[in-house]
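The primary structure of each chain is shown beneath.
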Amino acid sequence: MLMSPGFGQSSSAYQEKVTEAYLQAIRTIDDRVTPFLGKATTRVLIQGAARRVSETYPFLHFLEKMPYTEVVPSVVREQLGGVIPQQLAAGLDALLQECFAGLKELTGDLIVPPLHEEVRRQLEQMP
Amino acid sequence: MQPESKATASAYRSLIGQNGDRLTALRQQMQFLNTMGKRFVAAIDRFQVHHALLATLQELYRFSACTILLKGDPAELAFELSIIPSYPLSEPFLQAMIERIARAADAIDFPRVTAEELALMAYLDAPDELALPGTPAPTGVTAIGDFLNIPLTVENRIIGMLSLFDEQEGAFDADLLQLTTMIADYAAVALENVRLRERQMALWSSAEFERQRLSLILGSMAEGLLITNEKGAITSLNGSAQHLLAHTQIQLEETFTPLRQLAASNNVPWLADLATIVDQALAGDIVMNRELIAGAEGEVVPLTLSISAAPLYESSQTQTRLLGVVAVLNDITSHKQIEKLKDEFVSIVSHELRTPLTAIKGYTQHLMRRIERRLRGASQALPANAIADLPESYDLRSLNIVQSQTDHLERLVNDLLDLSRVQWGELHLQYSSFYLADVLAECVRQAQISAEEHTIYLDIASQDSKIVADKLRVGQIVGNILDNAIKFSPQGKQVTVKLQEQGNEYQVSVNDEGIGVSPEFFDHIFERFYRVRNATSRQYSGIGMGLYVAKAIVEAHGGRIWLSSHQGTGSTFYFTLPRVPRTSTLPAP
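Everything quoted here is computed from the prediction, not taken from an experiment.

**Student:** What is the right way to read the overall build of chain A from this model?
**Tutor:** Helices and strands together make up the secondary structure of chain A, namely 5 helices and 0 strands. By residue count, 50% of the 127 residues in chain A fall in the buried class. Residue pairs in contact within chain A that sit at least 24 positions apart in sequence constitute 66% of those at least 6 positions apart. Carbon and sulfur atoms make up 56% of the accessible area of chain A, which amounts to about 6,100 Å² in all.

**Student:** Sorry if this is basic, but what is going on with the overall build of chain B here?
**Tutor:** A tally of helices and strands in chain B yields 14 helices and 17 strands. Counting over 589 residues, chain B shows a buried share of 42%. When contacts within chain B are restricted to residue pairs at least 6 apart in sequence, long-range pairs at least 24 apart make up 63% of them. Accessible area of chain B: about 32,400 Å², with a carbon and sulfur share of 54%.

**Student:** Explanation requested: a positive patch on the surface in the structure shown.
**Tutor:** Residues Arg 369, Arg 370, Arg 373, Arg 374 and Arg 376 of chain B make up a contiguous surface patch of positive charge. For Arg 376 of chain B, the location among the structural elements is in helix α9 (residues 333-381).

**Student:** What exactly am I supposed to notice about the pattern of salt bridges here?
**Tutor:** Note on pairing: side chains with opposite charge can pair once their charged atoms come close. All names here are of chain B. As enumerated under the stated definition, the model contains 34 salt bridges over all chains in all. Note that Arg 560 and Glu 505 form a salt bridge whose closest N and O atoms lie 2.9 Å from each other. Pair noted here: Arg 560 is in the loop between α14 (546-556) and β16 (561-566) and Glu 505 is in strand β15 (residues 505-511), with a separation of 55 residues, a long-range link. Exposure remark for Arg 560: the relative accessible area of 44% places this residue in the partly exposed category.

**Student:** For this particular structure, what's the right way to read the side chain of Asp 30 of chain A?
**Tutor:** Residue and element names in this part refer to chain A. Note that Asp 30 resides in helix α1 (residues 11-37). Among the polar contacts listed, one links the side chain of Asp 30 to the side chain of Thr 34, at a separation of 2.5 Å. Leave out the neighbours within four places in its chain, and Asp 30 touches Pro 35, Lys 39, Thr 42 and Tyr 68.

**Student:** Would you take a moment to explain the sheet that holds strand β5 (residues 157-166) of chain B for this structure?
**Tutor:** Sheet strands pair via backbone hydrogen bonds, and the direction of the pair is either parallel or antiparallel. Overall, mixed pairing links the 5 strands, which are arranged β3-β2-β1-β5-β4 (chain B) in an open sheet. For this open sheet the edge positions go to β3 (122-124) and β4 (146-154) of chain B, each flanked by a neighbour on one side alone. Averaged over all adjacent pairs, the angle separating strand axes in this sheet is 20°, with direction ignored. Along the sheet, helix α4 (residues 85-107) of chain A contacts β4 and β5 of chain B; its crossing angle with β4 of chain B, the most-contacted strand, is approximately 100°. The sheet strands contacting helix α2 (residues 46-57) of chain B are β1 (65-71), β2 (79-85), β3 and β5 of chain B, and the helix crosses β1 of chain B at an angle near 140°.

**Student:** I tried to follow the packing of helix α2 (residues 39-53) of chain A against α4 of chain A on my own but got confused; where do I start?
**Tutor:** To characterise two packed helices, one gives the angle between the axes of the helices and the distance between these axes. Residue and element names in this part refer to chain A. In the contact formed by α2 and α4, the axes pass within 8 Å of each other and the chain directions differ by 125°. Relative to α4, the element α2 is oriented oblique. The handedness of the crossing between α2 and α4 is right-handed. Of the residues in α4, those in contact with Thr 41, Leu 45, Ile 46, Ala 49, Ala 50, Arg 52 and Val 53 of α2 are Ala 94, Leu 95, Glu 98, Cys 99, Gly 102, Leu 103 and Leu 106. Broken down by class, the residue content of the contact of α2 with α4 amounts to 10 nonpolar, 2 polar and 2 charged.

**Student:** How do you make sense of the interface of chain B and chain A when you look at a structure like this?
**Tutor:** By convention, interface size is frequently given as the accessible area that disappears when the constituent parts associate. Contacts between the two partners involve 23 residues from chain B and, on the opposite side, 21 residues from chain A. Carbon and sulfur atoms make up 57% of the area that chain B and chain A hide from each other, which totals about 1,800 Å². The largest per-residue losses of area from chain B upon contact with chain A belong to Ala 107, Asp 109 and Leu 177 of chain B, which jointly make up 26% of the total buried on that side. Salt-bridge contacts for Arg 100 of chain B lead to Glu 105 of chain A; the nearest nitrogen and oxygen are separated by 3.2 Å.

**Student:** Would you mind showing me how to read unusual backbone geometry here?
**Tutor:** Excluding glycine, most residues fall at negative phi; most peptide bonds, likewise, are trans. Residue and element names in this part refer to chain B. Phi at Asp 109 takes a positive value of approximately 65°, unusual for a residue other than glycine. Its place among the elements puts Asp 109 in the loop between α3 (91-107) and α4 (115-121). Backbone geometry places Glu 155, a non-glycine residue, at a positive phi of 50°. Along the chain, Glu 155 turns up in the loop between β4 and β5. Residue classification places Glu 155 among the exposed positions, given a relative accessible area of 76%.

**Student:** Teacher, can you tell me more about the packing of aromatic side chains here?
**Tutor:** Each aromatic ring pair is characterised by the separation of its centres together with the angle its planes make. Residue and element names in this part refer to chain B. A full pass over the atoms with the stated rule returns 7 aromatic pairs over all chains. Seen in terms of ring centroids, Phe 526 and Phe 573 are 6.1 Å apart; in terms of plane orientation they differ by 85°. Their pairing is edge-to-face. In this pair, Phe 526 sits in the loop between β15 and α14 while Phe 573 sits in strand β17 (residues 570-578), placing the two residues 47 residues apart along the sequence. Phe 573 matches Phe 526 in its accessibility class, with the two residues each being buried.

**Student:** What exactly am I supposed to notice about a nonpolar patch on the surface here?
**Tutor:** On the surface, a cluster of nonpolar side chains totalling about 270 Å² of accessible area is made up of Phe 345, Val 349 and Leu 353 of chain B. Tracing the backbone through its elements, the reader meets Val 349 of chain B in helix α9.

**Student:** Can you help me understand helix α8 (residues 269-282) of chain B in this one?
**Tutor:** Note: α-helices contain 3.6 residues per turn, so residues at a spacing of three or four share the same orientation. Residue and element names in this part refer to chain B. With 14 residues, α8 ought to run about 20 Å at 1.5 Å a step, and its terminal C-alpha atoms sit 21 Å apart, in line with that. Of the residues making up α8, those classed as buried are Trp 270, Leu 271, Leu 274, Ala 275, Ile 277, Val 278, Ala 281 and Leu 282. Across the axial projection of α8, the buried residues extend over an arc of 160°, all falling on one side. Contacts made by the buried residues of α8 are with β6 (224-229), α6 (239-245), α7 (259-265), β8 (287-293), β9 (304-313) and β10 (322-331). Once α8 finishes, Gly 284 follows within two positions and takes phi at roughly 105°, a positive value.

**Student:** Honestly, the sheet that holds β10 of chain B in this entry has me stumped. Any pointers?
**Tutor:** Residue and element names in this part refer to chain B. The 5 strands lie next to each other as β7-β6-β10-β9-β8, forming an open sheet whose pairing is antiparallel. Whereas interior strands pair on both sides, the edge strands pair on one side only; in this sheet they are β7 (234-237) and β8. Taking each pair of neighbouring strands and ignoring which way they run, the sheet shows an average axis angle of 25°. Across 5 bridges, β8 lies against β9 in antiparallel orientation. Note on β9: the bridge partner recorded for Arg 290 is Ile 307.

**Student:** Just to check I follow, could you spell out the confidence of the model for chain A for this structure?
**Tutor:** Low pLDDT means the predicted atomic positions in that stretch should not be read closely. Of the residues in chain A, 89% reach a pLDDT of 70 or more, and the chain-wide mean stands at 82. Helix α3 (residues 73-80) of chain A is the least confidently modelled element of chain A, averaging 74 in pLDDT, while α4 of chain A averages 90, the highest of any element.

**Student:** Even after reading the chapter, I still don't get the packing of helix α11 (residues 391-423) of chain B against helix α12 (residues 436-450) of chain B, so can you show me in this structure?
**Tutor:** Residue and element names in this part refer to chain B. It is at 8 Å that the axes of α11 and α12 come closest, and there the two elements cross at 120°. Considering their axes alone, α11 and α12 lie oblique with respect to each other. As α11 runs across α12, the sense of the crossing is left-handed. When α11 is examined against α12, the residues Asn 400, Ser 404, Gln 405 and Asp 407 are found in contact with a partner set consisting of Gln 446, Ile 449 and Ser 450. For the contact of α11 with α12, the class distribution of residues is 1 nonpolar, 5 polar and 1 charged.

**Student:** Help me understand the environment of Ser 90 of chain B in this model?
**Tutor:** All names here are of chain B. When you line up the elements, Ser 90 lands in the loop between β2 and α3. The class of Ser 90 is buried, set by a relative accessible area of 18%. Through-space distance from the C-alpha of Ser 90 to that of Thr 142 is 6.6 Å; in sequence the pair is 52 residues apart.

**Student:** I'm lost on the pairing of β17 of chain B in this one. Help?
**Tutor:** Where a strand is regular, its side chains alternate between the two sheet faces. All names here are of chain B. Counting buried positions along β17 gives 8 out of 9 residues, so the element sits mostly inside the fold. Relative to β17, β15 runs antiparallel, the two being bridged by 7 bridges. Bridged to Val 510 within β17 is Phe 573. Pairing of β16 with β17 involves 6 bridges; the strand directions are antiparallel. Residue Trp 562 lies in a different strand from β17, and its bridge partner there is Tyr 574. The loop that links β16 with its antiparallel partner β17 comprises 3 residues; one of these, Gly 568, has a positive phi angle of about 95°.

Criteria and thresholds
Residues numbered from 1 in each chain as written. Chains lettered and ligands numbered in written order. Predicted model: local features only at pLDDT ≥ 70, side-chain atom pairs only at ≥ 80, totals over all residues. Heavy atoms only, no water. Helix = DSSP H or I, 4+ residues; strand = E, 2+ residues; numbered from the N terminus. Buried < 20%, exposed > 50% of the residue type's maximum accessible area, 1.4 Å probe, protein only. Contact = heavy atoms within 4.5 Å. Areas by Shrake-Rupley, 256 points an atom, 1.4 Å probe, with all protein chains shown as cover. Patch = residues over 30% accessible without salt bridge, like charges linked within 9 Å, V, L, I, M, F, W, Y side chains within 5 Å. Salt bridge = Lys/Arg side-chain N within 4 Å of Asp/Glu carboxyl O. Lys, Arg positive; Asp, Glu negative; His and termini not counted. Charge placed at Lys NZ, Arg CZ, Asp CG, Glu CD. Polar contact = N/O pair within 3.5 Å; in protein donor to acceptor, adjacent residues only side chain to side chain. Pairing = 2+ DSSP bridges. Axes fitted to C-alpha atoms, helices over the stretch in contact; angles between N-to-C directions. Parallel < 35°, antiparallel > 145°, perpendicular 65-115°, else oblique. Left-handed = near helix turned anticlockwise from the far one by under 90°. Nonpolar A, V, L, I, M, F, W, Y, C, P; charged D, E, K, R; others polar. Buried area = accessible area lost by both parts, 1.4 Å probe. Phe/Tyr/Trp six-rings, centres within 6.5 Å; stacked < 30°, edge-to-face > 60°. Expected span 1.5 Å × (residues − 1). Arc of directions from axis to C-beta. pLDDT = per-residue confidence, 0-100.

Here it is as structure tokens:
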């Protein structure tokens, strides 16, 4: 999970950075899973995960209907503008974990462990 | 080829060997895909898809069971779960499978369904021929060792989920996952095809059922039904229509010859009338209850049909493309027979009534003249006011009323006699030249005698009133309308008869301050024996003949008749007569 905003970093810039980091992680999942299960499955996996986490993190509700590929900075500003950065990071992390949980329900340990590791490394490397 | 060195030859052999292996592998893959494709393409129901799926998957894996979860009608949140075991499974294993399926379905955002609900929907499809040979039924295995849930997608739409389960861990391979997804895609398309075929069959059955039902209804209809194409050629006749038109001895159905053409090439007179009705409907009009005499000439009451026809459009809502005409044929010959009998009866009774009526009228006039002579004699001996008090004066007034009522009765009898003349086209007019204003004045004078409580005004708003028409019949028109106006006006009210010039015709209007007529009765008020039936009109006597006869006479002169009315405030009846008869209305020389 990404840390809170550092010194000299504005809240909105941090918000965009966090969102971009997690979207990049989701993109990685998409890239790895699509060859195995197809694009439609990846899309519903993310939407299903959004549905499950949006009870705790209602600001992610918009992802239930909107493909994550359409989440651009203007959408982030519009949908997540008033969300506290820590809350946003927690919500996006929960979304990612739900994606993995959903994928695990489908393919068990065939894809998830190496992918989980790859995504973890990727998030760690984010500035 | 001559290798120059051992190394080169070895490298070449190695390359050939690698390519050969790749070629063999590729051939095997193609063979596998070809066999799989054939299996799924040949599957025409969901059980055959299950068989194809199980047979194909068994070439990749050894597994305990494969299941297919299909999304049903989204409105009903229904699922179909087929469980295809490779061998008999224990109940706890089955239960564990269903729980996993429910969780996986939730992960890919299916409508929420619990394991208990899925268990109720589950269907066990266990094809014996695909049971793993020599595999003993695992007894006591309750836990799932490994599983795989692959969504079934068709054109990026998830229609269900394929699941594989085995009691052993590591039964499924990541290297085969892509191929398994490909098999699932084939199965998804095959299942979607089955679903579409089932839907098509259901629609076809339903359409066929409706077709048969409609055919039965049309076949058992007492009314004849005739359907034409857009060119007016008969494409379909039901049994009743065939029966009604059988005597023509003409092949009407499926000749693809338009009726207009058939009429031209045959000497069946009514066929041209039928063609006219169909042409009218083809032009977009709705023809209602058009009478057509289809029987042979000379018959007392020939076969008479009442025909209604309407255009048939491809879509009734948008009225886009005209498909043809649908016409309903009713045999009204029996009605005509009854009408004929009724008319004959009315005619006989009217004739019988006329004889005593003539006598009453004659003797009344004789008595009136005698009293008038006496009063004239008395007037020389007595003052005028004393004359008015004489019993003879009272008698004369009474006889005037008798005379007027006799005239009224005579008109009724004449109307009854005219009824059959109109009905059978025997209303002959005797044209002469006269002043319409004089006829109106005489009619008003006559009507006023028997309607002492009403005031009848005559308003001649025309410089000239010379006309060539049947004088007696014109008097009959005015008399009938005036009778009506007086009858339906309360005592003390006013009736106005007005004459106006309008181009080449005269317009006469009769306005009353009576009970009026509701617009829904306008179309029927000129029908014979028609009487407006409501609480207000019930107290008025009459047989509903006067306006019918008046209309027939007006139209025989080439004029028009209509009314405007508001219930409760009175009515105005209008009719027009041409100054000189139009050529078409003149009797043939």
